[in-house]
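# Analysis of the macromolecular model
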Amino acid sequence: MTLRSNETAMLWDKLAFLAPLALLTTRHRADVGTIRGDLRPELLAVLDEITAVARAAGAPVTTETVLSFFDRVPDTMKSSMQRDAEAGRPLEVDAIGGAVLRAGAAHHVETPITARLVAEVARLTTQEA
């Protein structure tokens, strides 16, 4: 077991992968294979935003590192947010995407793509309710 002394880095390592995974798979109702293939430009753009926020918050996260992880997960992988949306359950849009937006605002990092995805996923939940 590895213990990490930098809690900020640990949390952002997780959120930098989880937020784009959850937002993109849920918004596009697509698996990871589709996201990293057909929607790769959007994936790269949102990764750039989120890793910029992470770095501003003090975490040494890079787009390349997160993308490398994305490229190794199974093509058919879905996010838990996507599965929740498919089942009609409440989504953790604010806890995941909202956390990135709030941190971006606090550190003066613009996050327009993340904001658009958060709004689109939030609209999906109100349309289906």
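Numbers given to residues run from 1 along each chain, matching the order in which its sequence is written. With the structure being a predicted model, the display of local features is reserved for residues of pLDDT at least 70 and the display and counting of side-chain atom pairs for 80 or more, all residues being used for whole-chain, interface and lining totals. The basis for every side-chain value is the complete set of heavy atoms in the structure, and neither hydrogens nor water enter the calculation.

## Focus on the overall build of the chain
Put simply, the test is: The helix and strand labels rest on DSSP assignments: H or I over at least four residues marks a helix, E over at least two residues marks a strand, and numbering proceeds from the N terminus. Only the C-alpha atoms count toward the radius of gyration. The rule for a globule is 2.2 Å times the residue count to the power 0.38. The classification of residues rests on relative accessible area computed with a 1.4 Å probe and restricted to protein chains. Under 20% of the type maximum is buried, over 50% is exposed, and intermediate values are partly exposed. Here, residues are in contact when the closest pair of their heavy atoms is within 4.5 Å. Note on areas: these come from Shrake-Rupley sampling with a 1.4 Å probe, and a residue is covered only by the protein chains present in the view. Think of it this way: Lys and Arg go in the positive column, Asp and Glu in the negative one, and His and the chain ends go nowhere. Working definition for charges: the position is that of NZ of Lys, CZ of Arg, CG of Asp or CD of Glu.
The secondary structure content of the chain amounts to seven helices and zero strands. Along the chain, helices and strands appear, N-terminal first, in the series α-α-α-α-α-α-α. Here the C-alpha radius of gyration of the chain, 14 Å, is about what a compact globule of 129 residues would show, namely 14 Å. Looking at the 129 residues of the chain, the share that counts as buried comes to 42%. Excluding contacts between residues fewer than 6 apart, the proportion of contacts in the chain whose partners are at least 24 apart in sequence is 71%. For the chain, the accessible area works out to roughly 7,000 Å², and carbon and sulfur atoms hold 55% of it. Positive and negative charge centroids in the chain, built from 14 and 17 side chains respectively, lie 3 Å apart.

## With respect to unusual backbone geometry
Its identity as a non-glycine residue notwithstanding, Arg29 has a phi of 50°, on the positive side. With respect to the helices, strands and loops of the structure, Arg29 is situated in the loop between helix H1 (7-28) and helix H2 (32-37). Residue Arg29 is classed as exposed on the basis of its relative accessible area, which comes to 54%. The phi angle at His108 is positive, at roughly 60°, despite the residue not being glycine.

## Quick look at the side chain of Gln82
Inspection of the secondary structure puts Gln82 in helix H5 (residues 80-87). Gln82 has contacts with Thr25, Thr26, Arg29, Ala30 and Asp31, leaving out every residue within four places of it along the chain.

## Focus on the packing of aromatic side chains
The relation between two aromatic rings is expressed through the spacing of the ring centres and the mutual angle of the planes. Under the convention used in this document: Pairing of aromatic rings covers Phe, Tyr and Trp, the last through its six-membered ring, and needs centres within 6.5 Å; plane angles under 30 degrees mean stacked, over 60 mean edge-to-face, and all others mean tilted.
Tallied over the full model, the rule gives two aromatic pairs. Note on Phe17 and Phe69: the rings are 4.7 Å apart at their centroids and 80° apart in plane angle, and the pair reads as edge-to-face. Here the residue Phe17 occupies a position in helix H1, and Phe69 occupies one in helix H4 (residues 63-70), the gap between them amounting to 52 residues. Measuring from centroid to centroid gives 4.8 Å for Phe17 and Phe70, while their planes differ by 55°, and the two rings are tilted. One end of the pair, Phe17, is in helix H1; the other, Phe70, is in helix H4, and 53 residues separate them in sequence. Across this residue pair, the class does not change: Phe17 and Phe70 are buried. One aromatic cluster in this structure is built from Phe17, Phe69 and Phe70.

## Examining the environment of Trp12
Mapped onto the secondary structure, Trp12 falls in helix H1. With 31 residues separating them along the chain, Trp12 and Leu43 place their C-alpha atoms 17 Å apart. Ignoring any residue separated from it by four or fewer positions in sequence, one finds Trp12 in contact with Ile50, Val53, Ala54, Ala57, Ala59, Val61, Val100 and Ala103.

## Some thoughts on the pattern of salt bridges
Selection criterion: Whenever Lys or Arg places a side-chain nitrogen within 4 Å of a carboxyl oxygen from Asp or Glu, that contact is recorded as a salt bridge.
Summed over all chains, the structure comprises eight salt bridges. Notably, a salt bridge pairs Arg36 with Asp75, separated by 2.2 Å at the nearest N-O pair. Residue Arg36 is found in helix H2, and its partner Asp75 is found in the loop between H4 and H5; the two are separated by 39 residues along the sequence. By relative accessible area, which is 47% here, Asp75 ends up partly exposed.

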